Amino acid sequence: MLNFSIGDSGHLFVVLSFVSALVAGVGFACAVKDNIKDNTLSWTSFAKIFFYVHAASVLGTVICLFIIIYTHRYEYHYAWSHSSNNLPVHYMISCFWEGQEGSFLLWIFWHVLVGVVLLRTSEKWTAPVMTVLCAAQAVLVSMIIGVVIPWINSKIGSSPFILMKEHMPDLPVYRINPNFVAKDGSGLNPLLQNYWMVIHPPTLFLGFALCIVPFSYSIAGLWVRDFTGWIRPAIVWALVAALVLGLGILMGAYWAYETLNFEGYWNWDPVENAVYVPWLLLIASIHILINYKSTRTGLKASYILLVSMYFLILYSTFLTRSGILGESSVHSFTDLGLSAQLIIAMLIFTAVCIILLAFRWKHLPVSPKEESVYTREFWIFIGVAVLCLSAFQVLAYTSIPVYNSILKAVGIPSNLAPPADQVRTYSQLQIWFTIVILIIATVAQHFWWYNADRKKIWHNLTIPISLALLLTSILIIAGELRWTEYLLNDISYILLILSALFALLGSISVMITLLKKNKTLSGGAVAHIGMAIMILGILYSSAFTKTISINTTGLLYSKQMSAEENTQNILLFRNDPQTIKGFTLEYVGKRVKARKIPGYVHTDFIFPLDDKGHQVVAVKDLFYKNKKYFSKGDTLSADLENIYYEIRYVKTSSDTFTLYPRLQKNKEMGNVVSPDIKKFWNRDIYSYLSMVPLDYDEREWSPTQQYNVHIGDTIFINDYVTILDALERISSYPGISLKPTDIALKAHIRLLGKNKTYHLHPVYMIQTDTKEVFSAFDMNEEIGVSVRITNIDPVKELFTLDVNTTQKDFVVLKVIEKPLINLFWIGAIIMFTGMGIAIFRRSR
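Criteria and cut-off values
Residues numbered from 1 in each chain as written. Predicted model: local features only at pLDDT ≥ 70, side-chain atom pairs only at ≥ 80, totals over all residues. Heavy atoms only, no water. Helix = DSSP H or I, 4+ residues; strand = E, 2+ residues; numbered from the N terminus. Buried < 20%, exposed > 50% of the residue type's maximum accessible area, 1.4 Å probe, protein only. Contact = heavy atoms within 4.5 Å. Areas by Shrake-Rupley, 256 points an atom, 1.4 Å probe, with all protein chains shown as cover. Lys, Arg positive; Asp, Glu negative; His and termini not counted. Charge placed at Lys NZ, Arg CZ, Asp CG, Glu CD. Patch = residues over 30% accessible without salt bridge, like charges linked within 9 Å, V, L, I, M, F, W, Y side chains within 5 Å. Salt bridge = Lys/Arg side-chain N within 4 Å of Asp/Glu carboxyl O. Pairing = 2+ DSSP bridges. Polar contact = N/O pair within 3.5 Å; in protein donor to acceptor, adjacent residues only side chain to side chain. Core = buried A, V, L, I, M, F, W, Y, C linked by side-chain atoms within 4.5 Å. Axes fitted to C-alpha atoms, helices over the stretch in contact; angles between N-to-C directions. Parallel < 35°, antiparallel > 145°, perpendicular 65-115°, else oblique. Left-handed = near helix turned anticlockwise from the far one by under 90°. Nonpolar A, V, L, I, M, F, W, Y, C, P; charged D, E, K, R; others polar. Expected span 1.5 Å × (residues − 1). Disulfide = S-S within 2.5 Å. Phe/Tyr/Trp six-rings, centres within 6.5 Å; stacked < 30°, edge-to-face > 60°. Lys NZ or Arg CZ within 6 Å of the ring centre and 35° of its normal.

Trainee: With reference to specific residues and values, describe the overall build of the protein.
Mentor: Broken down by element type, the protein carries 22 helices and 28 strands. Referenced to the eigenvectors of the C-alpha coordinate spread, the extents of the protein come out at roughly 110 × 75 × 60 Å. Counting over 844 residues, the protein shows a buried share of 53%. Considering only intrachain contacts with a sequence separation of at least 6, the fraction spanning at least 24 residues in the protein is 68%. Total accessible area on the protein stands at roughly 39,200 Å², and carbon and sulfur atoms take up 61% of it. Charge separation in the protein, taken as the distance between the mean sites of 68 positive and 60 negative side-chain charges, equals 12 Å.

Rendered as structure tokens:
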């Protein structure tokens, strides 16, 4: 039965939130305009009331959308297109923001929470800051309002509460049954079925939401002509935004490392870049703001950087949601017709900011003195300039699809293409920016904290420079040959390791000095230490990453695989161990995850009861760590879309461990391979599947061979001695209802292998009422044998067996060793810890 009320309520809440955001914004703007009159307080109170109405409306919208997803209301297109019956609750949460409308709503929700905090903390800045935030809210809510303006025949926004029959009115089923509701949804994107996708998008959008606060403070300062008073609160908010947005980016990198099989954590994907560039501008803004607070220089640069940062937030939204990136990114959304709306919003925000800056530019305070090369201000500005150049290079390459679209729109054909090897192209350019930034950041720290004593600065820098040179020389000369070749292959690698060591040692020197004075002053030094360690982790893991699953057989696994791929993968038949460097690998079999039982369940121990594999029956007692969770014949829920291939690693010098690389089968979205990773303190073992056998109905089977046997007879199947031991009458069979008068016989067949005995149990059933015969085959994937009973002669006690054979069960696996990759993650944690220390100090 169709449920219109929840969708109507949700849409009403969206409209109310849009109207209340506009009214609240107007109220706050009037409070700014009339700030010298007695009615300022009443305007502010009026605006606050409507903002809280807006907050309640947004919360109502969130609740309505989640109810639609959680209760599987597939009459709504959003629920049908992003969820399915078998999704666990935590993945239903991911469904909420998988689509454009849900992710916009998440962003709007975070803005509401940020606004509530601002109302309580921004004091005299409440009205102008909240005006900017409410304007942004109105724009964001307009993206999901889904209202058609009849006199211009144009639709504003895309509603998450649209019905399936409104979104797909031409489906034939609606002509037959206008009230048709799908029984199941199309499901969550396989790439998003990961626990990091439950927390990564909310963290990222919280970072986006926080970015508006320092931007709003800068606009408020221009608006009310208080050009410097906003700096102090803006610094704290900018630091929090940088910390949260940076954590969101790091979570996304770790998700890519765990989920995608490109063997890394950063691929210079256009959407990755679109988030990374505003973060770089935000970091640059923080340094300029702190510099202005201490030295009163760089105010104009502060305004330019914050406006540019927020413009790039809007631009990244356009890139990811307009569909302009097409297939150049795995993250981009399809176009929902919001491109024009996004462009208009971006242009209006930009125009307002530029006009306001232009009118106030000549009134902005300027430092009368020229900066010397021996001042901290000089080094800060140089560092910020290099950061901006680094961001511009990434932005310029990322925007290639935009250039093509613009040129095409004005009638100029353009076929500019993104770099074929984007990782190599970006990295070769960014490495030089990184070298300069590491050096300048270290020198700037010493000038910042030892500004009065030039000799002491250079004396303090001499020690880290000398130690960095010494350590770099030792690494080149005494390191492994492969490391030496890697460094000598490109002078930039040597300079990068030299600058990273210099930054590490120089920042440690500053940190030690500051810890003696005041521990809370050390935040910047700690953050720079973390950055240097991250760079060392990137460099070392890149140099020493090696494939250890070398194909020494000379076999060509697949014509679709390149010669290099064939060389770097190993073929594993089930229960047939193979040796690689440092390990003996054994493919044990396929596993799935089931509800109400921890760990993995062997696929041979369950039998699916429906097409999608949501309900299965246990064909054996199911145990985990000697505790029984299900008995034979019990029905349980399992996820057969996600198949985990158990690979046992036996180390030559220590304990055994097991990895479960995953193959996710999705009929609508295709198959997705995800790696599994074993973490050691000094390296990761990274494994993923390159090839697995086709499904049963897609395999190439041998022609049927028929055998007529008596109980106890011996035949040969695929060189296995095969014996029909007995037939057993059974009273039940999974998925079939048997009456007491029906006859069901289960055969017990043994196949004798060299080191193992295999068992097959095909079933032969006769329904006595209808005289219909059913024959259920049994297959052993490990040896690739399928047996079915097709006839029984009770007089001669003769049984007819149909036998088919196929390829034995196998996997083709790639195993990679990544030394010291943990330096990258540890460095990131240290960097964010430094930011946290800085936030603590500034907030006090």
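Trainee: Would you mind going over a nonpolar patch on the surface in detail, with residue names and values included?
Mentor: On the surface, a cluster of nonpolar side chains totalling about 420 Å² of accessible area is made up of Ile 463, Leu 467, Leu 470, Leu 471 and Ile 474. Topologically, Ile 463 is positioned in helix 17 (residues 454-478).

Trainee: Account for the pairing of strand 19 (residues 714-717), naming residues and giving values.
Mentor: The alternating pattern of strand 19 places Ile 715 and Ile 717 on a buried face and Thr 714 and Phe 716 on a face that is not buried. Of the strand pairs in this sheet, strand 19 and strand 20 (residues 720-729) are connected by 4 bridges, and their pairing is antiparallel. Bridge pairing in strand 20 links Ile 715 to Thr 722. What sits between the antiparallel neighbours strand 19 and strand 20 is a turn of 2 residues, in which Asn 718 has the positive phi angle 50°.

Trainee: Mind laying out the side chain of Ser 81, listing which residues take part and the relevant values?
Mentor: With respect to the element layout, Ser 81 can be found in helix 3 (residues 77-82). A polar contact of 2.8 Å, which involves the side chain of Ser 81, links it to the backbone oxygen of His 77. In this structure the side chain of Ser 81 is engaged in a polar contact, spanning 3.4 Å, whose partner is the backbone oxygen of Tyr 78. Aside from chain neighbours lying at most four places away, what touches Ser 81 is Glu 98, Ser 186 and Gly 187.

Trainee: Tell me about the pattern of salt bridges, and please be specific about residues and values.
Mentor: Tallying each qualifying case throughout the model produces 14 salt bridges. For Lys 756, the salt bridge is made with Glu 782, and the minimal N-O distance between the two is 3.1 Å. Pair noted here: Lys 756 is in the loop between strand 21 (743-752) and strand 22 (757-760) and Glu 782 is in the loop between strand 25 (778-780) and strand 26 (785-793), with a separation of 26 residues, a long-range link. Its relative accessible area of 6% is what places Glu 782 among the buried residues.

Trainee: Go over the nonpolar core with me, naming the residues and quoting the values.
Mentor: In this structure, Phe 28, Leu 118, Phe 215, Tyr 217, Trp 230, Trp 279 and Trp 825 are the most contacted members of the largest nonpolar core, which totals 192 residues. No other element matches helix 10 (residues 231-259), which puts 19 residues into this core. Of all hydrophobic cores here, the second largest spans 32 residues; its members include Ala 594, Ile 597, Ala 638 and Leu 689.

Trainee: Describe unusual backbone geometry, and please don't skip the residues or the numbers.
Mentor: Positive phi, close to 55°, is recorded for His 72, a residue that is not glycine. On the secondary structure map, His 72 appears in the loop between helix 2 (40-70) and helix 3. Looking at His 72, the relative accessible area reads 24%, which means it is partly exposed. Positive phi outside glycine occurs at Glu 263, with the angle close to 70°. When you line up the elements, Glu 263 lands in the loop between helix 10 and helix 11 (270-295). Residue classification places Glu 263 among the partly exposed residues on the basis of a relative accessible area of 25%.

Trainee: Go over the environment of Glu 101 with me, naming the residues and quoting the values.
Mentor: With respect to the secondary-structure elements, Glu 101 resides in helix 5 (residues 100-121). Measuring from C-alpha to C-alpha, the distance between Glu 101 and Ile 144 comes to 5.7 Å, with 43 residues separating the pair along the chain.

Trainee: Can you tell me about the packing of helix 11 against helix 12 (residues 299-321), naming the residues and giving the values?
Mentor: Where helix 11 contacts helix 12, the two axes come as close as 9 Å, and the packing angle between them is 165°. One element, helix 11, and the other, helix 12, form an angle in the roughly antiparallel class. Every pair of crossing elements has a handedness; the one defined by helix 11 and helix 12 is left-handed. Where helix 11 approaches helix 12, its residues Val 271, Ala 274, Val 277, Pro 278, Leu 281, Leu 282, Ala 284, Ser 285, Ile 288, Leu 289 and Tyr 292 are matched on the opposing element by Leu 299, Ala 301, Ser 302, Leu 305, Leu 306, Ser 308, Met 309, Leu 312, Ile 313, Ser 316, Leu 319 and Thr 320. Tallied by class, residues from the contact of helix 11 with helix 12 come to 18 nonpolar, 5 polar and no charged.

Trainee: Let's hear about the sheet that holds strand 26: which residues, and what values?
Mentor: Read from one edge to the other, the open sheet built from 4 strands follows the order 18-27-26-25, with strand pairing classed as antiparallel. Of all strands in the sheet, those with a lone pairing partner are strand 18 (705-709) and strand 25, marking the two edges. The mean inter-strand angle of the sheet, taken between neighbouring strand axes irrespective of direction, is 25°.

Trainee: Just give me the short version of helix 22 (residues 822-843), but keep the residues and values in it.
Mentor: With 22 residues, helix 22 should reach 32 Å at 1.5 Å per residue; the first-to-last C-alpha distance of 31 Å fits that figure. Those residues of helix 22 that sit buried are Asn 822, Phe 824, Trp 825, Gly 827, Ala 828, Met 831, Phe 832, Gly 834, Met 835, Ala 838 and Ile 839. Structurally, helix 22 contributes buried residues whose contacts are with helix 10, helix 11, helix 20 (523-544) and strand 17 (683-691).

Trainee: Report on the pairing of strand 12 (residues 635-651), specifying residues and quantitative values.
Mentor: Pairing analysis gives 10 bridges linking strand 6 (residues 583-594) to strand 12, with the strands arranged antiparallel. Directly across from Lys 593, in strand 12, lies its bridge partner Asp 639. Pairing geometry for strand 9 (residues 615-618) and strand 12, over 3 bridges, is antiparallel. Across the sheet, the residue bridging to Gln 615 is Ser 637, located in strand 12.

Trainee: So what's going on with the state of the cysteines? Residues and values would help.
Mentor: Throughout the structure, instances matching the rule amount to 0 disulfides. Looking at the unpaired Cys 30, the closest cysteine sulfur is the one in Cys 134, lying at 12 Å. There is no disulfide at Cys 64, and the cysteine sulfur nearest it, in Cys 95, is 17 Å away.

Trainee: Can you break down the packing of aromatic side chains residue by residue, with the values?
Mentor: Enumeration according to the criterion identifies 45 aromatic pairs in this entry. Ring plane angle 65° and centroid distance 6.4 Å describe the contact between Tyr 257 and Tyr 265, whose orientation is recorded as edge-to-face. Given the relative accessible area of 0%, Tyr 257 is considered buried. Given a relative accessible area of 12%, Tyr 265 falls into the buried group. Among the aromatic residues, ring-to-ring pairing joins Tyr 195, Trp 196, Tyr 254, Tyr 257, Tyr 265, Tyr 686, Tyr 688, Phe 824 and Trp 825 into one connected group. Over the ring of Phe 680 we find Lys 678; its NZ or CZ atom is 5.8 Å from the centre of that ring. One Lys or Arg, Lys 818, reaches over the ring of Tyr 686 and ends 5.6 Å from the middle of that ring.

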